[in-house]
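Residue-level structure breakdown
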Amino acid sequence: MVTRCLQRAPDCPNSRGRTPEEKRTDTALAVDSGPARMPPTQAESVIRSIIREVGQECAVHGEIVSETLIAFMVKAVVLDPSNGFNMDRTLMKSDVQNLVKLCMARLLDTKNPSLDTIKMQVYFDMNYTNRVEFLEEHHRVLDLRLGSVTREITDNRACTKEELESLYRKIISYMLLRSGLGSPTDIKTVREVTAALQSVFPQAELGTFLTLCKKDKERQLKELTMIVTGIRLFNRDCGKGGEGIDDLPGVLHEAIPATLQHIDDQLEKTQHQAYCYTAVLEKAADNPLMKAELQPYMLKEALYNIRQCEVFLQIILSDIITGAQEVEMMTKQLGAHLEQLKMTVKSKTAVPTSQVFPIFIALSTLWTSLQDETVAVGVLSNLFTHLQPFLDAHELFFPERVMQQHLNGVTVKTDMDRMKEHMEDRVNVADFRKLEWLFPETTANFDKLLIQYRGFCAYTFAAADGFLLAGNPAIGILKYKEKYYTFSSKDAAYSFAENPEHYIDIVREKAKKHIELIQLLELHQQFETVIPYSQIREADKHYIKPITKSESSTQTDTHILPPTIVRTYEWNEWELRRKAIKLANLRQKVTHSVQTNLTHWRRENCSQVYPPKNTSTQSMKEDSTGVPRPQIYLAGLRGGKSKIADEVKVNLTRAVDEN
């Protein structure tokens, strides 16, 4: 028995400790148990037994199939209404056997374009990562590989001269491994790095280095590596060194245009193939005999396949174009920094480190980015190479000679040609009062709208039994329930607008029969159970992700109201008595402080005085007074002939008025 629902669980705890293949299988297929169903662990075990059984049966027939592909195929069989699996009940043993049988039939039908499309989607899903995530993973792997070397340096407790010399050599090896500029076994490269390192970090400073904490050691190692790398790049530009350093700008300027040209040529061939398929299907739509003749070739499935190839090639091409722009910008910055360094150094024997070290670090950062772009271009080129067999398989699906026979008298139109035919045939907004239509001249971000079904006409796909025809945004974009739809013609737009839900349901049911359409038409919101691993984060940005499992926790506050606890409260009266006696004794105490001649300088004293200043005052007027000088004479003091003295006092003082 197996539960009815198999859902996406990217964060399933049971996926820990598994291989990448098993984790991606969990992404495509996971268990959602409900009432009256088996526990999730038991259901997951049953599902994995089904996957193993299908894989073993395929191996017996000579087909090696990955678990991820089997998981997607199981999902495709369960979703297909024609297989009769009821999603609302538990599958019995007979249902499981039938499920295995149907999966076997689909996986062994190698001439079916749908199987080839699913294989291509699974391969791209497992191997493609966007630029940001890829570079983050690349740096994480590099740090992981250097972890043992880093620990040998940071945990080192060297004391003797020989141990210090050994530690210095390990630092040099670490710099070569982290920078990727040369091999630690190359004598010339090691000598060059040693000379550059000694100029900024002599061996005598190892003692200071050993006193740092582990985090500071790691930070200083990275900083020294960037400085030494910058010195080596500058010496290489001056023609005085650069042993083991490749010309990355030159390599990228040759590799990127060649890769772009190769992918662009293949993209043109793929688009031409899609246009031919579209033209043949249009011709067969009005010719029942031709339609019956083309039935064995499964041309619509082949069209889905070639359109999916086109999408993947456009993704790879877009990433390489972005990388080319980054390389062009970084090359200019690299040349500018080297020129600035030459102007700073010139013929000077000594230059302040504050001037050159930041430039060395900038050079190292730019070179590391160029190395990242080299790896990214290599990975994308390898991904394109592995997509080539899926492109070549169309000669087996629908041979060229058969296609040419049916293209006689038919004009093969490109998507752009079809858009030009209906460029002036636009929707009249007045005909729809309750629907909103968007046009280029009335919408600011018209080119950035997320169009449903990857821009294909929703009405044509639903009305023509899954026929893919590119939509024309110039006719008008319908906004319905916060989603945007384009159409190939005005009539198609009017027909869809009459009953949008009806046509949306038809598209959903068609995707159940052809599971490759879920990724091709980006129906991830309607089929959350099969979101590709590589698009989980992208889908989360635009769609509401259903919550299958979640962890929750609650916490009750200890004191909701502000605390009213008196920390100084004492219930023990003896403790209160002790404190009271202590306070009483303190009243009789005096605090003394002394300072000796030996300690007076330990504190800083300062005083401020006002310097003396000269002041003066001035009265309103100047005046003076003169007092007469007293002049009094006495006569007869000496006596005379007579015995009685006759004293005479004469006052000759002049009056005040006379002065």
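Here, residues in each chain are numbered from 1, in the same order as that chain's written sequence. With pLDDT at 70 or above as the cut-off, local features in this predicted model cover only qualifying residues; side-chain atom pairs require 80 or more to be listed or tallied, and sums for whole chains, interfaces and linings still use all residues. For the side-chain quantities, the full set of heavy atoms in the structure was used; hydrogens and water were omitted.

The condition is simple: UniProt positions are given in the numbering used here, feature names are shortened, and annotations may be inferred rather than shown by experiment.
Looking up the chain in an unreviewed UniProt entry gives the name Cilia- and flagella-associated protein 206, with the organism given as Callithrix jacchus. Check the Sequence similarities (unreviewed entry) section of the UniProt entry for the chain; it says "Belongs to the CFAP206 family." Recorded in UniProt for the chain, the comment headed Subcellular location (unreviewed entry) runs: "Cytoplasm, Cytoskeleton, Cilium axoneme".

**A closer look at the pairing of strand S2 (residues 477-480)**
The criterion, for reference: One requirement defines pairing of two strands: DSSP has to find at least two bridges between them. A run of H or I in DSSP becomes a helix once it reaches four residues, and a run of E becomes a strand once it reaches two; helices and strands are each numbered from the N terminus.
In the sheet, strand S1 (residues 436-438) pairs with S2 via three bridges, with the strands oriented antiparallel. Bridging across to S2, glutamate 436 finds its partner in lysine 479. Relative to strand S3 (residues 483-485), S2 runs antiparallel, the two being bridged by three bridges. Bridging from a neighbouring strand, leucine 478 pairs with tyrosine 485 of S3.

**A short note on the sheet that holds S1**
Within a sheet, each strand pairs with its neighbour through backbone hydrogen bonds, oriented either parallel or antiparallel. Convention followed: Axis angles are defined between N-to-C directions and span 0 to 180 degrees, where every axis is a line fitted to C-alpha atoms and, for a helix, only to the segment in contact.
Here we have three strands laid out as an open sheet, ordered S1-S2-S3, and antiparallel in their pairing. Both outer strands of the open sheet, S1 and S3, are each paired with one neighbouring strand and no more. Recorded for the sheet is a direction-independent mean angle of 35° between the axes of neighbouring strands.

**Some remarks on the nonpolar core**
Just so we agree on the cut-off: Put simply, a nonpolar core is a bunch of buried Ala, Val, Leu, Ile, Met, Phe, Trp, Tyr and Cys residues held in one set by side-chain atoms that sit within 4.5 Å of each other. Burial classes follow relative accessibility: with a 1.4 Å probe on protein chains only, a residue under 20% of its type's maximum area counts as buried, one over 50% as exposed, and anything between as partly exposed. Two residues qualify as a contact provided that any one of their heavy atoms is within 4.5 Å of a heavy atom in the partner residue.
Membership of the largest hydrophobic core comes to 80 residues, with the highest contact counts inside it found for Leu107, Trp437, Tyr485, Phe487 and Leu521. Counting residues per element, this core draws most heavily on helix H3 (residues 67-79), which supplies 10 residues. Excluding anything up to four places from it in sequence, tryptophan 437 contacts Val427, Val429, Phe432, Gly476, Ile477, Leu478, Phe487, Ala493 and Ala497. By size, the runner-up hydrophobic cluster in this structure holds 64 residues, among which are Met120, Phe234, Leu248 and Phe360.

**Looking at the side chain of asparagine 112**
Relative to the helices and strands, asparagine 112 resides in the loop between helix H4 (93-108) and helix H5 (113-127). In contact with asparagine 112, not counting residues within four places along its chain, are Met298 and Phe397.

**Description of helix H20 (residues 490-498)**
Our working rule: Here a polar contact is recorded for every N or O atom pair within 3.5 Å, except that within protein the pair must consist of a potential hydrogen donor and a potential acceptor, and residues adjacent in sequence are included only if both atoms are side-chain atoms.
Considered for burial, the residues of H20 that qualify are Ala492, Ala493, Tyr494, Phe496 and Ala497. Buried positions along H20 lie against S1, helix H19 (458-463), S2, S3 and helix H21 (500-513). N-capping of H20 is provided by serine 489, with a side-chain oxygen placed 3.3 Å from the backbone N of alanine 492.

**Topic: the environment of leucine 108**
Residue placement: leucine 108 occurs in helix H4. Between the C-alpha atom of leucine 108 and that of valine 65, which follows or precedes it by 43 residues, the distance is 9.8 Å. When residues no more than four places from it in sequence are discounted, the contact partners of leucine 108 are Cys58, His61 and Glu63.

**Regarding the pattern of salt bridges**
Should the charged atoms of two oppositely charged side chains come close, the side chains can pair. Put simply, the test is: Any Lys or Arg side-chain nitrogen found within 4 Å of a carboxyl oxygen on Asp or Glu counts as a salt bridge.
According to the stated counting rule, one finds 22 salt bridges in the structure shown. Two residues, glutamate 282 and arginine 418, come together in a salt bridge whose shortest N-O distance is 2.8 Å. One end of the pair, glutamate 282, is in helix H12 (residues 248-285); the other, arginine 418, is in helix H18 (residues 415-421), with 136 residues separating them in the sequence. Since its relative accessible area comes to 31%, glutamate 282 is described here as partly exposed. Here arginine 426 ties to glutamate 441 by a salt bridge, and the two come within 2.8 Å at their closest N and O atoms. One end of the pair, arginine 426, is in the loop between H18 and S1; the other, glutamate 441, is in the loop between S1 and H19, with 15 residues separating them in the sequence. Judged by its relative accessible area of 30%, arginine 426 falls in the partly exposed class.

**Some points on the packing of helix H11 (residues 214-238) against helix H15 (residues 353-392)**
Condition: For classification, angles of less than 35 degrees are called roughly parallel, those exceeding 145 degrees roughly antiparallel, those between 65 and 115 degrees roughly perpendicular, and all remaining angles oblique. Residue polarity is assigned by list, with Asp, Glu, Lys and Arg as charged and Ala, Val, Leu, Ile, Met, Phe, Trp, Tyr, Cys and Pro as nonpolar; anything else, Gly included, falls into the polar class.
With their axes 7 Å apart at the nearest point, H11 and H15 run at an angle of 85° to one another. By the angle between their axes, H11 is roughly perpendicular relative to H15. Where H11 abuts H15, its residues Glu223, Met226, Ile227, Thr229, Gly230, Ile231, Leu233, Phe234 and Arg236 lie against Phe357, Phe360, Ile361, Leu363, Ser364, Thr365 and Trp367. In terms of residue class, the contact of H11 with H15 is built from 10 nonpolar, four polar and two charged.

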